Amino acid sequence: MKKRAVVALGGNAILRGDEEGTIVQQEKNVTETLENLIHLIKDGYELVLTHGNGPQVGNILMRNDAGEQMYGIAPMPLNICVADSQGGIGFMIERMMRNVLNKHGINKNVISMVTLVEIQENDPAFEAPSKRVGKVYSQEEADKLNAQKGWLFKSTTKGKGGFRRVVPSPTPVDIVNKEIIRQLLENGNIVIAAGGGGIPVYFDENKDVRTLDAVIDKDMASSLLATNIEADELYILTDVAFIYKDYGLETQEKLEFLNYADTQKHLENGTFAEGTMEPKIRACLNFIKNGGTKSIITEAKKLEDKSYGSKITMHYED
């Protein structure tokens, strides 16, 4: 019986450490990551790949800013910048996946999809924007942009005395393209979707699609997509091979197997780092709570080796 999996590629699957971010570097990283998915394809999994876009969309926003300042080019809104990043990164992953499949003699089609993700217009996140995007500005520049465009800013550790724009990060409530994604999977295709958490949209009273300046957490969108298409498994690839309790402390403890209840207790106790591992754990729990069989958090290069990775299930397996 075929299994269906959503694999969320973390930032280090595309861009690592202090790399400049050249296309050569990104393609190399993506290829190495995709090699670790071949065993899933050979095992007959129907596969959806999602991905982050943080550094890339940040660069697009800076190009936006430079184009406006230097050449008078009309800047594009954040939703268009997210769509741009989905298209560019999706194409790169698709091309590298086609090459990896060709190397292994696997005949499968691959398609990358610019994906709309529904949010609520009145999500509480719009009252407290917190997600930093784009370049670092001086206090004077930030004040000017706040007056001109209504942008909100928060200080950042990147650059002394610097400020970055902050936007809301609302909760995703539906994957608009889910039926098309499901059909593509059922017809044997590998699908790349919900890049960067998807493009946040809502429907007005006339059912027209509207946009708001916001970004959606990639792992939460991946979890929702996995639920929407009734996936069996959700893989979140990051830069550590396991989940740890008290990560980085002397009391650090590897958590290789977790059930829903114990994971929830760890969350309530603040075991996982807020803003890094904590949202990944919440995404896994959402998937399990809504019918998923298993969530796995691990490092991309360890994926094929089943002795690595932290597994979260509703109940402990015998």
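Our subject is the structure listed above.
Numbering of residues starts from 1 in each chain and follows the order in which that chain's sequence is written. Confidence filtering applies because this is a predicted model: local features only for residues at pLDDT of at least 70, side-chain atom pairs given and counted only at 80 or more, and all residues used for totals across whole chains, interfaces and linings. Values reported for side chains reflect all heavy atoms of the structure, with hydrogen atoms and water molecules removed beforehand.

Structural notes on the pattern of salt bridges
Item 1. For this document, the term salt bridge refers to a Lys or Arg side-chain nitrogen within 4 Å of an Asp or Glu carboxyl oxygen. Scanning the model with the defined rule gives 16 salt bridges in all.
Item 2. Ionic pairing is found between K149 and E68, a salt bridge with its closest N-O pair at 3.1 Å. Highlighted residues: K149 in helix α5 (residues 139–149) and E68 in helix α3 (residues 54–71), separated in sequence by 81 residues.
Item 3. According to the relative accessible area criterion, K149 is partly exposed, its value standing at 32%.
Item 4. Using a 1.4 Å probe on the protein chains alone, a residue whose accessible area is under 20% of its type maximum counts as buried, one over 50% counts as exposed, and one in between counts as partly exposed. A relative accessible area of 26% means that E68 is categorised as partly exposed.
Item 5. Between D213 and R165 there is a salt bridge; the shortest N-O distance is 2.8 Å. To qualify as a helix, a DSSP run of H or I must reach at least 4 residues; to qualify as a strand, a run of E must reach at least 2; elements of each kind are numbered from the N terminus.

Focus: helix α8 (residues 260–268)
Item 1. Every buried residue of α8 is accounted for by Y260, T263, H266 and L267. Angular distribution of buried residues about the axis of α8 spans 125°; they occupy a single face of the element.
Item 2. Positive phi shows up at G270, right after α8, with a value of about 70°. Note: the arc covers the axis-to-C-beta directions of the helix.

Some words on the pairing of strand β16 (residues 294–299)
Item 1. For β16, the tally of buried residues reaches five of six residues, placing the bulk of the element in the interior.
Item 2. The pairing of strand β12 (residues 233–238) with β16 spans six bridges and is parallel. For I236, the partnering residue across the bridge sits in β16 and is I297.
Item 3. We treat two strands as partners when DSSP finds at least two bridges between them. Pairing of β16 with strand β17 (residues 310–313), which is carried by three bridges, proceeds in the antiparallel orientation. Each residue of the ladder has a partner; that of I297, found in β17, is S310.

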